[in-house]
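Here's the letter readout for the chains.
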Amino acid sequence: MDKPSYNTDIVRSFINWSIVWGLVAVLVGVIVSFQMIAPDLQLPPWLTFGRLRPLHTNAGIYGWGVGTIFAMFLYIVQRLCKTPLWSPGLAKFQLWFFNATIIAAAVTLLLGYTTSKEYHELEWPIDIMVVILWVSFAINIIMTIIKRKEEQMYISLWYMMAAIIGVAILYLVNSAAVPASLFKSYSAYAGTNDANVHWWFAHNAVAMALTAPPLAMFYYFLPKSTGVPIYSHRLSIIAFWSLIFMYLWTGAHHLLWTPVPDWIQTLAMAFSVMLIAPSWGSVINGYLSMNGQWHQMRENYLVKFLILGITFYGLQTLQGPMQSIRTFSAFIHYTDWVPGHIHMGTLGWVSLIGFAGIYYLVPRVYGKELYSVPLANLHFWLVLIGQLIFSVSLWIAGVLQAGMWNAMNDDGSLTYTFMETMVEMYPYWSARAFGGVIYLVGVLVFIYNLVMTVKKGSDPSPALVEAEGRA
Amino acid sequence: MDLASILYLGVTFGLFAIFAAIVFRTYRRKNKDRNESAKYSMLDDDE
Ligand code: HEM
Ligand code: HEM
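What counts and what doesn't
- Residues numbered from 1 in each chain as written.
- Chains lettered and ligands numbered in written order.
- Predicted model: local features only at pLDDT ≥ 70, side-chain atom pairs only at ≥ 80, totals over all residues.
- Heavy atoms only, no water.
- Near = heavy atom within 4 Å.
- Polar contact = N/O pair within 3.5 Å; in protein donor to acceptor, adjacent residues only side chain to side chain.
- Helix = DSSP H or I, 4+ residues; strand = E, 2+ residues; numbered from the N terminus.
- Nonpolar A, V, L, I, M, F, W, Y, C, P; charged D, E, K, R; others polar.
- Donors = N, O, S within 2.8 Å, 3.2 Å for Na, K, Ca; no water.
- Tetrahedral: all angles 85-135°; square planar, octahedral: opposite > 155°, others 65-115°.
- Buried < 20%, exposed > 50% of the residue type's maximum accessible area, 1.4 Å probe, protein only.
- Contact = heavy atoms within 4.5 Å.
- Expected span 1.5 Å × (residues − 1).
- Buried area = accessible area lost by both parts, 1.4 Å probe.
- Salt bridge = Lys/Arg side-chain N within 4 Å of Asp/Glu carboxyl O.
- Axes fitted to C-alpha atoms, helices over the stretch in contact; angles between N-to-C directions.
- Parallel < 35°, antiparallel > 145°, perpendicular 65-115°, else oblique.
- Left-handed = near helix turned anticlockwise from the far one by under 90°.
- Pairing = 2+ DSSP bridges.

Novice: Tell me about the site of ligand 2, residues and numbers included.
Specialist: Residues and elements named next belong to chain A. Not every one of the 25 residues close to ligand 2 is listed here, only the nearest: Glu 118, Tyr 119, His 333, His 341 and Ile 342. In this structure, Tyr 119 approaches ligand 2 through a side-chain N or O atom, which is 2.6 Å from an oxygen atom. Of all the elements in the fold, those that place two or more residues in the shell around ligand 2 are helix 6 (191-210), helix 12 (301-323) and helix 14 (337-366). Each residue belonging to the shell around ligand 2 can be placed in one class, and the counts come to 10 nonpolar, 14 polar and 1 charged.

Novice: Can you break down the coordination of the iron atom of ligand 1 residue by residue, with the values?
Specialist: Residue and element names in this part refer to chain A. Binding of the iron atom of ligand 1 to the protein goes through His 56 (NE2) and His 343 (NE2), at separations of 1.9 to 2.0 Å. Every donor counted, the 6 donor atoms about the iron atom of ligand 1 form angles of 88 to 179° at the centre, which fits octahedral coordination. With His 56 in helix 2 (residues 49-81) and His 343 in helix 14, this pair connects stretches of sequence that are 287 residues apart.

Novice: Help me get a handle on the site of ligand 1, residues and values and all.
Specialist: Residue and element names in this part refer to chain A. Among the 23 residues in the neighbourhood of ligand 1, the closest are listed as Arg 53, His 56, Glu 118, Ile 342 and His 343. The contact in question runs from a nitrogen atom of ligand 1 to an N or O atom on the side chain of His 56, over 2.8 Å. Residue Glu 118 places a side-chain N or O atom 2.6 Å away from an oxygen atom belonging to ligand 1. Among the elements of the structure, helix 1 (9-37), helix 2, helix 14 and helix 16 (418-456) are those that each provide at least two residues to the shell around ligand 1.

Novice: So what's going on with the coordination of the iron atom of ligand 2? Residues and values would help.
Specialist: Exactly one donor from the protein chain reaches the iron atom of ligand 2: A:His341 (NE2), at 2.2 Å. With respect to the helices, strands and loops of the structure, A:His341 is situated in helix 14.

Novice: Explain helix 2 (residues 32-41) of chain B to me, using residue names and the numbers behind them.
Specialist: Along helix 2 of chain B, the positions that sit buried rather than exposed are B:Asn35, B:Glu36, B:Ala38, B:Lys39 and B:Ser41. Here the buried face of helix 2 of chain B lies against helix 8 (233-247) of chain A together with helix 1 (3-27) of chain B.

Novice: Requested: an account of helix 9 (residues 262-274) of chain A, with residues and values cited.
Specialist: Residues and elements named next belong to chain A. Here helix 9 spans 18 Å end to end across 13 residues, near enough to the 18 Å set by a 1.5 Å rise per residue. For helix 9, the full list of buried residues reads Ile 264, Gln 265, Ala 268, Met 269, Phe 271 and Ser 272. Buried residues along helix 9 sit against helix 6, helix 8, helix 10 (276-288), helix 12 and helix 13 (326-332).

Novice: Explain the environment of A:Leu388 residue by residue, including any values.
Specialist: Residues and elements named next belong to chain A. Note that Leu 388 resides in helix 15 (residues 373-406). On the accessibility criterion, Leu 388 (35% relative accessible area) is partly exposed. As for Leu 388 and Pro 363, which are separated by 25 residues in sequence, their C-alpha atoms are 29 Å apart. Aside from chain neighbours lying at most four places away, what touches Leu 388 is Phe 312 and Ser 393.

Novice: How would you explain the interface of chain B and chain A if you had to name every residue and give the values?
Specialist: Taken together, the contact pairs 23 residues of chain B with 35 residues of chain A. In total, about 2600 Å² of surface goes out of reach between chain B and chain A, with carbon and sulfur atoms giving 62% of it. Counting the contacts that link chain B with chain A gives 2 salt bridges. In this structure, B:Asp44 engages A:Lys82 in a salt bridge whose closest nitrogen and oxygen atoms are separated by 3.7 Å. Broken down by secondary-structure element, the contributors of at least two residues to the side of chain B that touches chain A are helix 1 and helix 2 of chain B.

Novice: Summarise the packing of helix 12 of chain A against helix 14 of chain A; cite the residues concerned and give the values.
Specialist: All names here are of chain A. Between helix 12 and helix 14, the least distance of the axes is 8 Å, while the angle of their chain directions is 155°. Between helix 12 and helix 14, the crossing angle belongs to the class labelled roughly antiparallel. Classified by chirality, the crossing of helix 14 by helix 12 is left-handed. Residue classes in the contact of helix 12 with helix 14 are distributed as 20 nonpolar, 8 polar and no charged.

Novice: Give me the pairing of strand 2 (residues 184-187) of chain A: which residues, what numbers.
Specialist: All names here are of chain A. Pairing between strand 1 (residues 177-181) and strand 2: 4 bridges, direction antiparallel. Opposite Pro 179, over in strand 2, you have Ser 185 as the bridge partner. Taken together, strand 1 and the strand that follows it, strand 2, pair antiparallel across an intervening segment of 2 residues.

Novice: Mind laying out the environment of A:Val32, listing which residues take part and the relevant values?
Specialist: Residues and elements named next belong to chain A. If you trace the backbone, Val 32 turns up in helix 1. Sequence separation of Val 32 and Ser 279 is 247 residues, and the distance between their C-alpha atoms is 32 Å. Leave out the neighbours within four places in its chain, and Val 32 touches Phe 49, Leu 52 and Arg 53.

Novice: Residue-level account of the pattern of salt bridges, with values.
Specialist: Going through the model one piece at a time under the given rule, you end up with 7 salt bridges over all chains. For the salt bridge of A:Glu118 with A:Arg53, the shortest nitrogen-to-oxygen distance reads 3.2 Å. Taken together, the residues span a long stretch of sequence, with A:Glu118 in the loop between helix 3 (88-111) and helix 4 (124-146) and A:Arg53 in helix 2 at a distance of 65 residues. Bridged by salt links that share partners, the residues A:Lys82, A:Glu150 and B:Asp44 form one connected network.

Okay, here's the thing in structure tokens:
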């Protein structure tokens, strides 16, 4: 059968830009982690912790996370549908609009414009840019799926569609605001309702931006890398629908012990615990797909990234439900435990899968063999060690912090002042900064390897040429 | 029980029913080959 002429230029560009924003996110992450141990390290007003922190989270989630989503989805959708992209022109527009939006976001955040809603800080004009961006992406992917040549839809396509539709709904609902001036708006919701809608958005952003897309990539890149199919497509379908069904109710686990009605909190708690099942449905599917293939963990660097990635997803989706239980939440909420959780997800799960996807794609879209497999392995170990130092030190810090906050004297007064608990954190925050530097070095090795691949990589193996139909 | 509670309960059971139908349809022996076929065809799309 003639191979369709897939559009690879746009995939290349998105890979390049997502790496740029990923580097910014990690670099700023390292800077803010040093600002926490050396509070004098601030250049007011633009480069203070308060301005750099949202820049870090936005660059991480929207620049790096969503940037890789764009690159991978645009590649995968063409392959799984066996048809070229519906509109290359629209994809090009999406690329430039994506960068314009991220730059506008970065500049306004540094200037101090913010809605003050975490993960939805951008003021209304940039909100509108985000909507235009997402609609252009959504139309292209959905139209490509509609005109597909392959009748059965592989599981990755289901996760991709969920992410596209899910993000659109969440973002639109949570964006509702009344503009007061060009860079100031007031939420359309008030008080507790505002908080409830916001955390419904934020947790489902975790679902639709940091869970569904990496799962789509995992289900695609694992079999592609090992050469054997996933264990069960039917299991993946059931896990998908149950994940979609359960996630939407869990937002209020961020609002335990708040004025949000008790029944909403309890509902969120119950559904969060139930989420273990669909999450582990995918983890187990991934592990069982490795039956007879475990030797590839030693031989194939892609498999290492993917299997460690899904393992961190598994751990994340056990830890998350635990944090959703009222008594446990009462202990760890507001402590450093939570950034430990977040970075196991973002650095362990989301980024490892993103790295694997990029390693898989770069040789294919540039038509070159990877410059150095040993460097890819070095990258793997650096980011793994960096992330573990980061998360483990913060979990210990969180437990210590919670213990100190809860300690009471016989007369019922608090044993420690807040300042004393802060001072105790310094060694752990230093360890986090150290872990962050190791991670950053890993990312630099990754970038070096890719640059050298493009510049000096040898011609592709015949299999790769055949794969891209360039022979 | 007021109308709102009956409605909530109805929606919840409705969703469970839809989910049960998905499970039934996916795992029906008759559909096995069709539902597993995508995992094989995805492997030969560009390899
Ligand atoms: C080595 C790299 C990184 C370092 C050193 C780092 C460091 C930090 C620091 C110091 C904070 C502030 C914690 C606090 O306020 O207590 C933070 C928050 C955060 N970072 Fe990172 N980060 C890194 C990579 C990333 C990446 C790649 C992402 C996303 C893909 C990310 C997502 C987040 C999020 C969502 C938060 C908010 C946490 C919260 O609300 O508790 N980080 N990071
Ligand atoms: C079954 C799945 C999960 C559940 C039930 C869950 C649960 C939770 C809970 C209860 C919190 C609030 C902690 C607190 O502030 O006390 C939280 C925070 C967070 N989780 Fe998870 N989690 C899950 C998976 C994930 C995954 C896969 C990621 C991906 C990176 C992630 C990223 C985050 C982020 C970014 C926050 C910080 C929100 C904030 O700024 O307060 N979670 N999670």
